[in-house]
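# Coordinate inspection notes
Listed here are the chains, written in short residue letters.
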Amino acid sequence: MRPICLGFLQLLLVLFLFGSCAREALDVEQELRQESLLGEDRKGPMYDEMDKIKETPLGKKLFKGLIPIKFEYDPSMRPGRMGYVGMGVIRYSGDLESPVGPLVFHELFHVYQTKEKVVASRNNEIEAYVAQYLYYMSLEGAKKKNFWAVSNEFRAIIIKLADYARRYPEYQTGDPEFRRLYGLALYYLRQSTLYGTNTNYTEDPTLCSFPNLFLMLNQS
Ligand SMILES: [Zn+2]
């Protein structure tokens, strides 16, 4: 009886030790997974850009409203593209135009707008391009003439809308000039290949404001 009993106790001890080890391993794994969701164990040019954004005044405000971000290189995407695909995942292709930072800011702003979801909305694009422009212009040496967005006409409207947003950091729905510019921005987007009426992008014709942008700008 005795040896069996001892054997049983040893087995219990082994099971206990194994159990606690396994639990520890699980905890470490969970921690690692969490860390990777935060992008902290990840390396790559987009993470470097994101780190730079985090240190800027606008970036600090933006990161108060983000979920964990993950960048994925996608060689099947058309060159020079970047897009938010939901759940904090931003995909990008090769040949991205420099500087890449404002483009990364644009995609991060989509995460700020819709969190885990993806919404193909022209209203959201107008707001994201205005946010991108404000970020671009906050960079050292940035020149208005070098900013590019969709088309010449759209770009000109975005710059005017951004000037409005900078001057009046609150809702502009009542202002006739703001409404006119916003309507024009929608009009030019409808005609574009990326966000036009031939794509799955939709719009809310009653929305004429930048709720997420003003939320971000007014963040302390
Ligand atoms: Zn966009």
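Everything quoted here is computed from the prediction, not taken from an experiment.

Turning our attention to the overall build of the chain. For the chain, the helix and strand inventory stands at 8 helices and 3 strands. Reading the chain from its N end, one meets helices and strands in the order α-α-α-β-β-β-α-α-α-α-α. The proportion of buried residues among the 220 residues of the chain is 26%. Across the chain, contacts joining residues at least 24 apart in sequence account for 63% of those joining residues at least 6 apart.

Here we take up the nonpolar core. Counting residues in each nonpolar core, the largest one holds 44 residues, and the members touching the most others are V130, I158, L161 and A185. For this core, the secondary-structure elements that each account for two or more residues are α2 (45-54), β3 (89-92), α4 (101-114), α5 (122-138), α6 (152-167), α7 (176-190) and α8 (211-217). Element by element, the count of residues in this core is highest for α5, at 9 residues. Among residues more than four places away in sequence, those in contact with A185 are I126, F154, I157, I158 and L161.

How two helices pack is summed up by the angle between their axes together with the distance between the axes. Packing of α6 against α7 brings their axes to within 9 Å, and their N-to-C directions diverge by 150 degrees. By the angle between their axes, α6 is roughly antiparallel relative to α7. α7 is crossed by α6, and the crossing has left-handed handedness. Contact with α6, carried on its side by E153, F154, I157, I158, K160, L161 and Y164, involves F178, L181, Y182, L184, A185, Y188 and L189 of α7 and no other residues of that element. Per-class residue counts for the contact of α6 with α7 are 12 nonpolar, no polar and 2 charged.

This part is about unusual backbone geometry. Residues S98 and P99 are joined by a peptide bond in cis, for which omega reads 0 degrees. Inspection of the secondary structure puts P99 in the loop between β3 and α4. Here the phi dihedral of M87 falls at roughly 50 degrees; this positive angle occurs in a residue that is not glycine. Within the secondary structure, M87 is located in the loop between β2 (82-84) and β3. Positive phi is not limited to glycine here, since V150 has a value of about 60 degrees. Inspection of the secondary structure assignment puts V150 in the loop between α5 and α6.

Another point: α5. The end-to-end C-alpha distance of α5, which contains 17 residues, comes to 24 Å, matching closely the 24 Å that a straight helix rising 1.5 Å per residue would cover. For α5, the tally of buried residues reaches 15 of 17 residues, placing the bulk of the element in the interior.

In this section: the pairing of β3. Burial along β3 is one-sided: the residues I90 and Y92 are buried and none of V89 and R91 is. Here 4 bridges tie strand β1 (residues 70-73) to β3, and the two strands are oriented parallel to one another. The residue of β3 that forms the bridge with E72 is R91. Pairing analysis gives 3 bridges linking β2 to β3, with the strands arranged antiparallel. Opposite Y84, over in β3, you have I90 as the bridge partner. The antiparallel hairpin formed by β2 and β3 contains 4 residues in its connecting segment, where G86 sits at a positive phi of about 100 degrees.

In this section: the packing of α4 against α5. Where α4 meets α5, the closest approach of the two axes is 9 Å, and the angle between their N-to-C directions is 135 degrees. Judged on the interaxial angle alone, α5 and α4 are oblique. Remark: the crossing between α4 and α5 carries right-handed chirality. Residues P102, F105, H106, F109, H110 and Q113 of α4 form the contact with α5, whose participating residues are N124, E127, A128, Y129, A131, Q132, Y135 and Y136. Considering only residue class, the contact of α4 with α5 consists of 8 nonpolar, 5 polar and 1 charged.

Rules used throughout
- Residues numbered from 1 in each chain as written.
- Predicted model: local features only at pLDDT ≥ 70, side-chain atom pairs only at ≥ 80, totals over all residues.
- Helix = DSSP H or I, 4+ residues; strand = E, 2+ residues; numbered from the N terminus.
- Buried ≥ 20, exposed ≤ 12 C-beta atoms within 10 Å, placed from the backbone.
- Contact = placed C-beta atoms within 7 Å.
- Core = buried A, V, L, I, M, F, W, Y, C linked by C-beta atoms within 7 Å.
- Axes fitted to C-alpha atoms, helices over the stretch in contact; angles between N-to-C directions.
- Parallel < 35°, antiparallel > 145°, perpendicular 65-115°, else oblique.
- Left-handed = near helix turned anticlockwise from the far one by under 90°.
- Nonpolar A, V, L, I, M, F, W, Y, C, P; charged D, E, K, R; others polar.
- Expected span 1.5 Å × (residues − 1).
- Pairing = 2+ DSSP bridges.

Geometry only, nothing functional implied.
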